[in-house]
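# Descriptive structure summary
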Amino acid sequence: MLSTDTCAPQGLIEFIERCPSMFHTVATVRTRLDAAGFVYLPERAAWFMEPGGSYYTVRNGSSIIAWHVGRELPQDGFHFQIAASHADSPTFKLKAVSELAGPGDYLRLDIEPYGGTIDYTWFDRPLSLAGRVLVRDGSRVESRLFALDRDVALIPSLAIHLDRSVNDAFSPDRAVDLYPLASAGELTHGAVNTLVAEELGVDPTTILARDLFLVNRQKPQVWGAADEFISAPKLDDLMCAYTALEAFLASGNERDISVYVCFDNEEVGSHTKQGAGSTLLRDTLERINGRIGRTPESLVRALASSMLVSCDNAHAIHPNHPEKADEANDPRLNRGIVIKEAANQHYCTDAFSRAVFSAVLDDAGLPYQTFANRSDMAGGSTLGNISNAHVSMHAIDVGCPQLAMHSSYETAGAYDVQLVIDALTAFYNADIQIDGAEAAVIA
(Lines give C-alpha, C1' and ligand atoms only; values in the text may rest on other atoms or scores of the structure.)
Protein backbone atom coordinates (compact mmCIF):
# COMPACT_ATOMS: atom_id res chain seq x y z
CA MET A 1 0.00 0.00 0.00
CA LEU A 2 1.22 3.50 -0.80
CA SER A 3 1.84 5.88 2.06
CA THR A 4 1.12 9.59 1.97
CA ASP A 5 2.13 12.69 3.86
CA THR A 6 -1.16 14.03 5.21
CA CYS A 7 0.27 17.55 5.11
CA ALA A 8 0.14 17.70 1.31
CA PRO A 9 -3.58 16.88 0.86
CA GLN A 10 -4.45 19.17 3.78
CA GLY A 11 -2.42 21.96 2.20
CA LEU A 12 -4.35 21.53 -1.04
CA ILE A 13 -7.65 21.61 0.85
CA GLU A 14 -6.71 24.87 2.57
CA PHE A 15 -5.55 26.35 -0.75
CA ILE A 16 -8.84 25.49 -2.48
CA GLU A 17 -10.89 26.95 0.35
CA ARG A 18 -9.04 30.26 -0.06
CA CYS A 19 -9.66 30.29 -3.83
CA PRO A 20 -13.38 30.61 -4.63
CA SER A 21 -12.57 32.54 -7.83
CA MET A 22 -9.58 33.11 -10.09
CA PHE A 23 -9.10 36.53 -8.46
CA HIS A 24 -8.87 34.91 -5.04
CA THR A 25 -6.44 32.30 -6.40
CA VAL A 26 -4.03 35.00 -7.51
CA ALA A 27 -4.45 36.82 -4.18
CA THR A 28 -3.70 33.55 -2.34
CA VAL A 29 -0.60 32.88 -4.45
CA ARG A 30 0.55 36.46 -3.84
CA THR A 31 0.27 35.96 -0.09
CA ARG A 32 2.51 32.88 -0.32
CA LEU A 33 5.04 34.70 -2.51
CA ASP A 34 5.12 37.76 -0.24
CA ALA A 35 5.76 35.54 2.78
CA ALA A 36 8.63 33.89 0.88
CA GLY A 37 10.28 37.27 0.20
CA PHE A 38 9.28 37.78 -3.43
CA VAL A 39 9.13 41.36 -4.70
CA TYR A 40 6.05 42.55 -6.59
CA LEU A 41 6.82 44.25 -9.90
CA PRO A 42 3.66 45.82 -11.38
CA GLU A 43 3.49 45.68 -15.18
CA ARG A 44 3.08 49.45 -15.34
CA ALA A 45 6.24 50.14 -13.28
CA ALA A 46 9.93 50.12 -14.18
CA TRP A 47 11.48 46.78 -13.24
CA PHE A 48 14.76 46.05 -11.45
CA MET A 49 16.43 42.70 -10.88
CA GLU A 50 19.56 41.21 -9.37
CA PRO A 51 21.11 37.74 -9.23
CA GLY A 52 19.45 35.65 -6.56
CA GLY A 53 16.34 37.84 -6.55
CA SER A 54 12.76 36.57 -6.56
CA TYR A 55 9.92 38.54 -8.17
CA TYR A 56 6.37 38.36 -9.47
CA THR A 57 3.92 40.31 -11.61
CA VAL A 58 0.14 40.20 -12.02
CA ARG A 59 -2.22 40.94 -14.92
CA ASN A 60 -5.93 41.69 -14.44
CA GLY A 61 -5.79 40.43 -10.87
CA SER A 62 -6.41 36.93 -12.26
CA SER A 63 -3.09 35.78 -13.78
CA ILE A 64 0.29 35.72 -12.07
CA ILE A 65 3.90 34.98 -13.02
CA ALA A 66 6.69 34.55 -10.46
CA TRP A 67 10.37 33.89 -11.07
CA HIS A 68 13.72 33.41 -9.36
CA VAL A 69 16.91 34.70 -11.00
CA GLY A 70 19.67 32.17 -10.37
CA ARG A 71 22.90 33.42 -8.82
CA GLU A 72 25.01 31.33 -11.20
CA LEU A 73 23.46 32.15 -14.59
CA PRO A 74 25.96 31.40 -17.36
CA GLN A 75 27.24 34.54 -19.07
CA ASP A 76 27.20 32.83 -22.46
CA GLY A 77 23.56 31.76 -22.56
CA PHE A 78 20.96 31.02 -19.93
CA HIS A 79 17.54 29.39 -19.95
CA PHE A 80 14.13 29.31 -18.29
CA GLN A 81 12.44 26.34 -16.61
CA ILE A 82 8.72 27.05 -16.43
CA ALA A 83 5.68 25.32 -14.93
CA ALA A 84 2.31 26.79 -15.96
CA SER A 85 -1.18 26.01 -14.66
CA HIS A 86 -4.48 27.91 -14.63
CA ALA A 87 -6.61 29.60 -11.98
CA ASP A 88 -10.09 29.29 -13.47
CA SER A 89 -12.56 26.39 -13.36
CA PRO A 90 -15.91 25.70 -15.07
CA THR A 91 -18.81 27.42 -13.33
CA PHE A 92 -21.57 29.93 -14.08
CA LYS A 93 -21.14 33.71 -14.30
CA LEU A 94 -23.74 36.29 -13.34
CA LYS A 95 -24.79 38.55 -16.20
CA ALA A 96 -24.52 42.33 -15.81
CA VAL A 97 -28.26 42.54 -15.15
CA SER A 98 -28.43 39.45 -13.00
CA GLU A 99 -31.96 39.22 -11.58
CA LEU A 100 -35.07 37.59 -13.02
CA ALA A 101 -38.39 38.34 -11.34
CA GLY A 102 -41.05 35.62 -11.13
CA PRO A 103 -42.93 33.55 -11.67
CA GLY A 104 -44.93 34.77 -8.72
CA ASP A 105 -42.75 36.03 -5.89
CA TYR A 106 -39.65 34.12 -6.93
CA LEU A 107 -36.39 35.94 -7.62
CA ARG A 108 -33.85 34.07 -9.76
CA LEU A 109 -30.32 34.81 -10.89
CA ASP A 110 -29.56 35.30 -14.59
CA ILE A 111 -26.39 33.36 -15.37
CA GLU A 112 -24.44 31.91 -18.28
CA PRO A 113 -21.97 29.02 -18.34
CA TYR A 114 -18.26 29.70 -17.94
CA GLY A 115 -16.37 26.82 -19.53
CA GLY A 116 -17.52 23.25 -20.13
CA THR A 117 -19.61 22.53 -17.07
CA ILE A 118 -21.26 19.19 -16.29
CA ASP A 119 -24.57 20.94 -15.74
CA TYR A 120 -26.44 18.34 -13.71
CA THR A 121 -23.79 18.42 -10.97
CA TRP A 122 -24.85 21.97 -10.11
CA PHE A 123 -28.46 21.08 -9.26
CA ASP A 124 -29.80 20.96 -5.69
CA ARG A 125 -26.63 22.35 -4.12
CA PRO A 126 -26.60 25.46 -1.95
CA LEU A 127 -24.43 27.95 -3.84
CA SER A 128 -22.58 31.14 -3.04
CA LEU A 129 -21.04 33.99 -5.04
CA ALA A 130 -17.44 35.13 -5.45
CA GLY A 131 -15.31 37.22 -7.78
CA ARG A 132 -14.43 40.89 -7.98
CA VAL A 133 -16.42 44.10 -7.76
CA LEU A 134 -15.50 47.50 -9.20
CA VAL A 135 -16.44 50.31 -6.82
CA ARG A 136 -16.41 54.11 -7.30
CA ASP A 137 -14.67 56.01 -4.49
CA GLY A 138 -14.70 59.68 -5.45
CA SER A 139 -12.55 60.03 -8.56
CA ARG A 140 -11.09 56.55 -8.09
CA VAL A 141 -12.45 53.23 -9.41
CA GLU A 142 -11.22 50.34 -7.24
CA SER A 143 -11.32 46.57 -7.60
CA ARG A 144 -12.44 44.67 -4.49
CA LEU A 145 -12.34 40.94 -3.88
CA PHE A 146 -15.75 39.55 -3.03
CA ALA A 147 -16.67 36.16 -1.53
CA LEU A 148 -19.78 35.42 0.51
CA ASP A 149 -19.23 33.10 3.43
CA ARG A 150 -22.77 31.77 3.15
CA ASP A 151 -25.00 30.22 0.51
CA VAL A 152 -27.58 32.41 -1.22
CA ALA A 153 -28.88 30.43 -4.22
CA LEU A 154 -29.80 26.94 -5.43
CA ILE A 155 -30.75 25.42 -8.79
CA PRO A 156 -33.76 23.18 -7.99
CA SER A 157 -34.43 19.98 -9.91
CA LEU A 158 -37.83 19.31 -11.39
CA ALA A 159 -39.54 16.57 -9.35
CA ILE A 160 -39.64 13.12 -10.95
CA HIS A 161 -43.45 13.26 -10.70
CA LEU A 162 -43.35 16.14 -13.19
CA ASP A 163 -40.77 14.55 -15.49
CA ARG A 164 -40.99 10.75 -15.48
CA SER A 165 -38.25 10.46 -18.11
CA VAL A 166 -35.60 12.26 -16.06
CA ASN A 167 -33.66 9.04 -15.39
CA ASP A 168 -33.79 8.08 -19.06
CA ALA A 169 -32.09 11.21 -20.31
CA PHE A 170 -31.44 14.62 -18.81
CA SER A 171 -30.20 17.50 -20.93
CA PRO A 172 -31.03 20.71 -19.09
CA ASP A 173 -31.87 23.81 -21.09
CA ARG A 174 -29.46 26.47 -19.86
CA ALA A 175 -31.98 29.22 -20.61
CA VAL A 176 -34.74 27.46 -18.67
CA ASP A 177 -33.55 24.87 -16.15
CA LEU A 178 -30.35 26.42 -14.81
CA TYR A 179 -31.53 29.66 -13.24
CA PRO A 180 -30.61 29.63 -9.53
CA LEU A 181 -33.36 30.47 -7.07
CA ALA A 182 -32.38 33.35 -4.77
CA SER A 183 -35.64 34.25 -3.01
CA ALA A 184 -39.23 33.08 -2.52
CA GLY A 185 -40.48 36.60 -1.92
CA GLU A 186 -38.29 38.37 0.64
CA LEU A 187 -35.92 39.85 -1.94
CA THR A 188 -36.78 42.10 -4.88
CA HIS A 189 -35.02 43.78 -7.81
CA GLY A 190 -31.65 45.22 -6.76
CA ALA A 191 -31.06 42.54 -4.12
CA VAL A 192 -27.75 41.36 -5.63
CA ASN A 193 -26.17 44.80 -5.52
CA THR A 194 -27.52 45.32 -2.03
CA LEU A 195 -26.07 42.00 -0.91
CA VAL A 196 -22.70 42.81 -2.46
CA ALA A 197 -22.66 46.32 -1.02
CA GLU A 198 -23.43 45.09 2.50
CA GLU A 199 -20.63 42.55 2.31
CA LEU A 200 -18.13 45.16 1.08
CA GLY A 201 -19.38 47.93 3.35
CA VAL A 202 -20.14 50.34 0.51
CA ASP A 203 -23.19 52.16 -0.86
CA PRO A 204 -24.94 50.13 -3.60
CA THR A 205 -24.86 53.16 -5.90
CA THR A 206 -21.04 53.07 -5.93
CA ILE A 207 -20.92 49.62 -7.53
CA LEU A 208 -20.08 50.10 -11.21
CA ALA A 209 -19.44 46.54 -12.42
CA ARG A 210 -18.76 43.03 -11.19
CA ASP A 211 -17.33 39.68 -12.29
CA LEU A 212 -19.23 37.28 -10.04
CA PHE A 213 -19.44 33.50 -10.32
CA LEU A 214 -21.44 30.73 -8.68
CA VAL A 215 -19.42 28.89 -6.04
CA ASN A 216 -19.94 25.41 -4.64
CA ARG A 217 -18.80 25.75 -1.02
CA GLN A 218 -19.00 22.04 -0.23
CA LYS A 219 -15.96 21.31 1.91
CA PRO A 220 -13.02 19.55 0.27
CA GLN A 221 -12.14 16.33 2.04
CA VAL A 222 -9.84 13.34 2.11
CA TRP A 223 -11.94 10.19 2.28
CA GLY A 224 -11.95 6.42 1.91
CA ALA A 225 -11.22 3.60 4.35
CA ALA A 226 -7.52 4.04 3.56
CA ASP A 227 -7.70 7.83 2.99
CA GLU A 228 -6.95 7.26 -0.70
CA PHE A 229 -9.14 9.96 -2.23
CA ILE A 230 -9.45 13.71 -2.18
CA SER A 231 -12.63 15.39 -3.41
CA ALA A 232 -13.22 19.10 -3.82
CA PRO A 233 -14.54 21.79 -6.11
CA LYS A 234 -12.09 23.07 -8.73
CA LEU A 235 -9.45 20.32 -8.58
CA ASP A 236 -9.12 21.15 -12.28
CA ASP A 237 -6.90 23.10 -12.11
CA LEU A 238 -6.24 24.26 -8.56
CA MET A 239 -4.57 20.92 -7.83
CA CYS A 240 -1.90 21.75 -10.41
CA ALA A 241 -1.75 25.42 -9.40
CA TYR A 242 -1.06 24.29 -5.83
CA THR A 243 1.41 21.49 -6.53
CA ALA A 244 3.39 23.64 -8.98
CA LEU A 245 3.52 26.49 -6.45
CA GLU A 246 4.73 24.18 -3.68
CA ALA A 247 7.40 22.79 -5.99
CA PHE A 248 8.48 26.24 -7.14
CA LEU A 249 8.86 27.52 -3.59
CA ALA A 250 10.67 24.37 -2.45
CA SER A 251 13.19 24.35 -5.30
CA GLY A 252 16.57 26.05 -5.38
CA ASN A 253 18.06 26.04 -8.86
CA GLU A 254 20.67 28.79 -9.18
CA ARG A 255 21.71 27.86 -12.73
CA ASP A 256 18.52 28.99 -14.49
CA ILE A 257 15.58 31.35 -14.17
CA SER A 258 12.81 29.29 -12.59
CA VAL A 259 9.31 30.50 -13.46
CA TYR A 260 5.85 29.78 -12.02
CA VAL A 261 2.81 30.78 -14.11
CA CYS A 262 -0.88 30.63 -13.28
CA PHE A 263 -3.03 31.84 -16.19
CA ASP A 264 -6.70 32.81 -16.22
CA ASN A 265 -9.33 31.84 -18.81
CA GLU A 266 -8.03 28.42 -19.87
CA GLU A 267 -11.55 27.02 -19.56
CA VAL A 268 -12.88 29.49 -22.16
CA GLY A 269 -10.06 29.22 -24.69
CA SER A 270 -7.20 31.30 -23.22
CA HIS A 271 -7.57 34.06 -25.83
CA THR A 272 -7.82 37.02 -23.47
CA LYS A 273 -5.31 39.65 -22.38
CA GLN A 274 -4.48 37.54 -19.32
CA GLY A 275 -4.81 34.05 -20.85
CA ALA A 276 -2.18 31.67 -22.18
CA GLY A 277 -2.94 33.04 -25.66
CA SER A 278 -1.99 36.57 -24.62
CA THR A 279 1.32 38.44 -24.57
CA LEU A 280 1.67 37.99 -20.79
CA LEU A 281 4.35 35.30 -20.73
CA ARG A 282 6.37 36.74 -23.60
CA ASP A 283 6.16 40.28 -22.17
CA THR A 284 7.43 39.00 -18.84
CA LEU A 285 10.30 36.93 -20.23
CA GLU A 286 11.40 39.79 -22.50
CA ARG A 287 11.48 42.19 -19.56
CA ILE A 288 13.41 39.71 -17.42
CA ASN A 289 15.94 39.29 -20.21
CA GLY A 290 16.40 43.05 -20.51
CA ARG A 291 16.61 43.69 -16.76
CA ILE A 292 19.42 41.15 -16.30
CA GLY A 293 21.38 42.98 -18.97
CA ARG A 294 21.00 40.60 -21.90
CA THR A 295 20.35 41.43 -25.56
CA PRO A 296 17.26 40.57 -27.65
CA GLU A 297 19.32 37.85 -29.31
CA SER A 298 20.04 36.42 -25.86
CA LEU A 299 16.32 35.91 -25.33
CA VAL A 300 15.96 33.98 -28.58
CA ARG A 301 18.87 31.78 -27.56
CA ALA A 302 17.45 31.36 -24.06
CA LEU A 303 14.04 30.25 -25.33
CA ALA A 304 15.66 27.70 -27.62
CA SER A 305 17.29 26.22 -24.51
CA SER A 306 14.24 26.46 -22.23
CA MET A 307 11.47 24.08 -21.20
CA LEU A 308 7.81 24.61 -20.31
CA VAL A 309 5.82 22.12 -18.26
CA SER A 310 2.12 22.75 -18.86
CA CYS A 311 0.25 21.49 -15.79
CA ASP A 312 -3.45 20.70 -16.20
CA ASN A 313 -5.22 17.69 -14.74
CA ALA A 314 -5.59 14.42 -16.65
CA HIS A 315 -8.38 11.83 -16.93
CA ALA A 316 -7.88 8.79 -14.73
CA ILE A 317 -9.49 5.56 -15.90
CA HIS A 318 -13.11 5.57 -14.73
CA PRO A 319 -14.13 2.66 -12.46
CA ASN A 320 -17.51 2.24 -14.19
CA HIS A 321 -16.45 3.09 -17.72
CA PRO A 322 -13.01 1.64 -18.43
CA GLU A 323 -14.04 1.37 -22.08
CA LYS A 324 -13.66 5.17 -22.36
CA ALA A 325 -9.91 4.94 -21.77
CA ASP A 326 -7.16 3.95 -24.17
CA GLU A 327 -6.14 0.36 -23.46
CA ALA A 328 -2.47 1.16 -22.87
CA ASN A 329 -2.46 4.83 -21.82
CA ASP A 330 -4.93 4.78 -18.93
CA PRO A 331 -3.69 6.61 -15.80
CA ARG A 332 -4.63 5.42 -12.32
CA LEU A 333 -5.20 7.41 -9.14
CA ASN A 334 -2.27 7.52 -6.72
CA ARG A 335 0.30 6.40 -9.26
CA GLY A 336 1.96 9.75 -9.89
CA ILE A 337 2.06 12.53 -12.43
CA VAL A 338 0.61 11.93 -15.90
CA ILE A 339 2.35 12.82 -19.17
CA LYS A 340 -0.26 13.66 -21.83
CA GLU A 341 0.27 13.30 -25.56
CA ALA A 342 -1.89 13.61 -28.69
CA ALA A 343 -1.03 13.19 -32.36
CA ASN A 344 -3.37 16.09 -33.21
CA GLN A 345 -1.10 18.37 -31.14
CA HIS A 346 -3.83 19.34 -28.67
CA TYR A 347 -1.05 18.59 -26.18
CA CYS A 348 2.42 20.02 -26.68
CA THR A 349 4.28 16.84 -25.65
CA ASP A 350 6.62 15.33 -28.22
CA ALA A 351 9.29 12.63 -28.03
CA PHE A 352 12.03 15.09 -27.06
CA SER A 353 10.14 16.77 -24.22
CA ARG A 354 8.81 13.41 -22.99
CA ALA A 355 12.33 11.98 -22.93
CA VAL A 356 13.80 14.93 -21.03
CA PHE A 357 11.02 15.04 -18.44
CA SER A 358 11.05 11.26 -18.02
CA ALA A 359 14.81 11.32 -17.49
CA VAL A 360 14.40 13.94 -14.75
CA LEU A 361 11.83 11.78 -12.96
CA ASP A 362 13.87 8.60 -13.46
CA ASP A 363 16.89 10.28 -11.87
CA ALA A 364 14.71 11.30 -8.91
CA GLY A 365 13.20 7.80 -8.60
CA LEU A 366 9.67 9.13 -9.07
CA PRO A 367 6.71 7.37 -10.76
CA TYR A 368 4.92 8.72 -13.80
CA GLN A 369 2.15 7.62 -16.15
CA THR A 370 0.95 8.31 -19.68
CA PHE A 371 -2.36 9.49 -21.08
CA ALA A 372 -3.65 9.42 -24.65
CA ASN A 373 -7.22 9.60 -25.87
CA ARG A 374 -8.89 6.62 -27.48
CA SER A 375 -8.23 6.89 -31.19
CA ASP A 376 -11.93 7.42 -31.88
CA MET A 377 -12.26 10.28 -29.38
CA ALA A 378 -11.13 13.85 -30.04
CA GLY A 379 -10.35 14.72 -26.41
CA GLY A 380 -9.66 18.17 -25.02
CA SER A 381 -6.83 20.67 -25.13
CA THR A 382 -5.05 22.88 -22.65
CA LEU A 383 -2.78 25.89 -22.24
CA GLY A 384 0.55 24.35 -23.27
CA ASN A 385 0.32 24.53 -27.05
CA ILE A 386 -1.57 27.84 -26.91
CA SER A 387 1.16 29.48 -24.83
CA ASN A 388 3.89 27.80 -26.86
CA ALA A 389 2.59 29.40 -30.07
CA HIS A 390 3.48 32.80 -28.56
CA VAL A 391 6.70 31.85 -26.73
CA SER A 392 8.17 28.84 -28.48
CA MET A 393 10.29 26.39 -26.48
CA HIS A 394 10.38 22.69 -25.76
CA ALA A 395 7.22 21.85 -23.83
CA ILE A 396 5.34 18.98 -22.27
CA ASP A 397 1.78 18.56 -20.98
CA VAL A 398 1.34 16.88 -17.61
CA GLY A 399 -1.32 16.70 -14.91
CA CYS A 400 -2.69 15.03 -11.81
CA PRO A 401 -5.00 12.08 -12.60
CA GLN A 402 -8.60 12.72 -11.58
CA LEU A 403 -12.20 11.60 -11.99
CA ALA A 404 -15.30 13.66 -12.88
CA MET A 405 -13.39 16.48 -14.56
CA HIS A 406 -15.56 19.63 -14.86
CA SER A 407 -18.04 18.41 -12.26
CA SER A 408 -18.88 20.90 -9.52
CA TYR A 409 -17.18 18.41 -7.14
CA GLU A 410 -14.25 16.41 -8.49
CA THR A 411 -12.15 13.51 -7.19
CA ALA A 412 -8.43 12.70 -7.33
CA GLY A 413 -5.90 10.56 -5.49
CA ALA A 414 -4.81 11.89 -2.10
CA TYR A 415 -1.34 10.39 -2.50
CA ASP A 416 -0.86 12.11 -5.85
CA VAL A 417 -0.67 15.53 -4.23
CA GLN A 418 2.78 14.84 -2.79
CA LEU A 419 3.87 12.71 -5.75
CA VAL A 420 3.20 15.58 -8.16
CA ILE A 421 4.87 18.13 -5.86
CA ASP A 422 7.93 15.88 -5.84
CA ALA A 423 7.87 15.49 -9.63
CA LEU A 424 7.65 19.22 -10.30
CA THR A 425 10.29 19.95 -7.64
CA ALA A 426 12.60 17.54 -9.43
CA PHE A 427 11.95 19.42 -12.69
CA TYR A 428 12.68 22.81 -11.12
CA ASN A 429 15.85 21.55 -9.42
CA ALA A 430 17.29 19.81 -12.48
CA ASP A 431 19.80 21.79 -14.52
CA ILE A 432 18.49 20.96 -18.00
CA GLN A 433 20.93 21.94 -20.75
CA ILE A 434 19.14 21.65 -24.09
CA ASP A 435 20.94 21.56 -27.44
CA GLY A 436 18.23 22.22 -30.04
CA ALA A 437 16.27 19.02 -30.44
CA GLU A 438 19.43 16.95 -30.74
CA ALA A 439 20.37 16.35 -27.12
CA ALA A 440 19.93 17.46 -23.53
CA VAL A 441 22.18 17.10 -20.49
CA ILE A 442 20.47 16.81 -17.10
CA ALA A 443 22.57 17.68 -14.08
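The text that follows walks through the structure, step by step, so that each part is easy to find. Just so we're clear, the structure is a prediction, and the values are computed from it rather than from any experiment. (Residues numbered from 1 in each chain as written. Predicted model: local features only at pLDDT ≥ 70, side-chain atom pairs only at ≥ 80, totals over all residues. Heavy atoms only, no water.)

### Quick look at the overall build of the chain
Inclusion rule: Here a strand is any run of E in DSSP of at least two residues, a helix any run of H or I of at least four, and the numbering for each starts at the N terminus. A radius of gyration in this sense is built from C-alpha atoms; the matching globule rule multiplies 2.2 Å by the number of residues raised to 0.38. Relative accessibility thresholds used throughout: buried, under 20% of the residue-type maximum; exposed, over 50%; partly exposed, between the two (1.4 Å probe, protein chains only). In what follows, residue pairs with any heavy atoms lying within 4.5 Å of each other are defined as contacts. The Shrake-Rupley method, run with a 1.4 Å probe sphere, supplies the accessible areas, and residue values consider only the shown protein chains as cover. Positive residues here are Lys and Arg, negative ones are Asp and Glu, while His and the chain termini are left out of the count. All charge positions are set by atom: Lys at NZ, Arg at CZ, Asp at CG, Glu at CD.
On a plain count of helices and strands, the chain comes out with nine helices and 22 strands. Taken over C-alpha atoms, the radius of gyration comes to 23 Å for the chain, in line with the 22 Å a tight globule of 443 residues would show. Counting only C-alpha atoms and orienting by the principal axes, one finds that the chain spans roughly 75 × 60 × 40 Å. Taken over 443 residues, the chain has a buried fraction of 53%. Partitioning the contacts of the chain with sequence separation of at least 6, the portion at a separation of at least 24 is 77%. Accessible surface, the chain: about 19,200 Å² in total, of which carbon and sulfur atoms supply 50%. Computing the positive centroid from 34 side-chain charges and the negative centroid from 58, the chain places the two 6 Å apart.

### Considering the pattern of salt bridges
To keep things clear, this is the line we draw: The term salt bridge refers to a pairing of a side-chain nitrogen on Lys or Arg with a carboxyl oxygen on Asp or Glu at a separation within 4 Å.
Tallied over the entire structure, the rule returns 19 salt bridges. We note a salt bridge from R301 to D76, for which the minimum N-O separation is 3.0 Å. Within this pair, whereas R301 is found in helix 6 (residues 296-304), its partner D76 is found in the loop between strand 3 (63-69) and strand 4 (80-86), the two being separated by 225 residues in sequence. Its relative accessible area of 41% is what places R301 among the partly exposed residues. Residue R332 is joined to D330 by a salt bridge in which the shortest nitrogen-to-oxygen separation is 2.9 Å. Taking relative accessible area as the criterion, R332 reaches 42% and is therefore assigned partly exposed. Taking the relative accessible area as the measure of exposure, D330 reaches 16% and is therefore buried. Ionic contacts of the salt-bridge type, sharing partners, join the residues E43, R59 and D283 into one network.

### Re the layout of surface pockets
As a reminder, the rule being used: Cavities and pockets were defined on a 1 Å grid built over protein atoms only: a cavity is a set of grid points that admits a 1.4 Å probe from which the probe cannot escape, a pocket is an open set flanked by protein on both sides within 12 Å along at least five of seven lines, and lining residues are those with an atom within 4 Å of any such point. Grid points are joined across faces, edges and corners, and a volume is the space filled by probe spheres set on the points. Following the grouping adopted for this structure description, the nonpolar residues are Ala, Val, Leu, Ile, Met, Phe, Trp, Tyr, Cys and Pro, the charged ones are Asp, Glu, Lys and Arg, and the polar ones are all others, Gly among them.
Counted as a void, the largest pocket has a volume near 650 Å³. Around the largest pocket, the lining is made up of 24 residues, and of these H315, A316, H318, K324 and M377 lie nearest the centre. Considered class by class, the residues forming the lining of the largest pocket number 11 nonpolar, nine polar and four charged.

### What to know about the packing of helix 2 (residues 22-35) against helix 4 (residues 235-250)
Heads up, the rule is: Axes here mean lines fitted to C-alpha atoms, for a helix over just the part in contact, with angles spanning 0 to 180 degrees between N-to-C directions. Angular relationships are summarised with four words: roughly parallel below 35 degrees, roughly antiparallel beyond 145, roughly perpendicular across 65 to 115, and oblique for the angles in between. Helix crossings get a hand from a simple test, with the near helix turned counterclockwise from the far one by less than a right angle marking a left-handed crossing and a clockwise turn marking a right-handed one.
Two elements in contact, helix 2 and helix 4, have axes separated by 12 Å at closest approach and are oriented at 15°. Here helix 2 is positioned roughly parallel relative to helix 4, judged by the angle of their axes. For the pair helix 2 and helix 4, the sense of crossing is right-handed. Counted together, T25, V29, R32 and L33 of helix 2 and L238, L245, E246, F248 and L249 of helix 4 form the full contact between these two elements. Along the lines of polarity and charge, the residues of the contact of helix 2 with helix 4 split into six nonpolar, one polar and two charged.

### A closer look at the nonpolar core
Basically, it comes down to this: Nine residue types can take part in a nonpolar core, namely buried Ala, Val, Leu, Ile, Met, Phe, Trp, Tyr and Cys, and a core is a set of them joined through side-chain atoms within 4.5 Å.
Formed by 62 residues in total, the largest nonpolar core has its most connected members in L33, I64, Y260 and F357. Excluding its chain neighbours within four sequence positions, the residues that come into contact with I64 are V26, V29, R30, L33, Y56, T57, V58, Y260, V261 and C262. Judged by nonpolar contacts, the second largest core, of 31 residues, contains W47, W67, F80 and L299.

### Notes on the sheet that holds strand 18 (residues 394-399)
To keep it simple, the criterion reads: Two strands are counted as paired when DSSP detects at least two bridges linking them.
If you walk across this open sheet you meet the nine strands as 1-2-3-13-4-14-18-16-17, and the pairing is mixed. The two strands at the open ends of the sheet, each matched to only one other strand, are strand 1 (39-40) and strand 17 (368-371). Inspection of the sheet shows strand 4 paired to strand 14 (residues 307-311) by four bridges, in the parallel sense. By the bridge assignment, A83 is partnered in strand 14 with V309.

### Observations concerning the sheet that holds strand 12 (residues 229-232)
Read from one edge to the other, the open sheet built from five strands follows the order 11-12-20-19-15, with strand pairing classed as mixed. The sheet terminates laterally at strand 11 (221-223) and strand 15 (314-315), the two strands that pair on one side only. Seen against the sheet, helix 1 (residues 7-17) touches strand 11 and strand 12 and runs at an angle of roughly 5° to strand 12. Across the sheet, helix 9 (residues 414-429) touches strand 11, strand 12, strand 19 (401-403) and strand 20 (410-413), and the angle it forms with strand 20 is around 65°.

### Thoughts on helix 5 (residues 280-291)
For the record, the criterion: Here the expected span of a helix is defined as 1.5 Å times the quantity of residues minus one. This arc is built from the directions going out from the helix axis to the C-beta atoms.
For helix 5, built from 12 residues, the straight-helix expectation of 16 Å at 1.5 Å per residue is met to within 8% by its first-to-last C-alpha distance of 16 Å. When helix 5 is considered as a whole, its buried residues turn out to be L280, L281, T284, L285, I288 and N289. The buried side chains of helix 5 occupy one side of the element, clustering within an arc of 160° when seen end-on. Of the surrounding elements, those touching the buried residues of helix 5 are strand 2 (54-59), strand 3, strand 4, strand 13 (257-263), helix 6 and helix 8 (383-388). One or two residues past the end of helix 5 sits G293, with phi positive at roughly 85°.

### A word on the environment of V141
When you line up the elements, V141 lands in strand 8 (residues 140-147). Since its relative accessible area comes to 46%, V141 is described here as partly exposed. Between the C-alpha atom of V141 and that of G224, which follows or precedes it by 83 residues, the distance is 48 Å. In this view, V141 contacts L134, V135, R136 and L208; residues no more than four positions away in its chain are not counted.

### A short note on the pairing of strand 14
Counting buried positions along strand 14 gives five out of five residues, so the element sits mostly inside the fold. Of the two faces of strand 14, the one carrying M307, V309 and C311 and the one carrying L308 and S310 are both buried.

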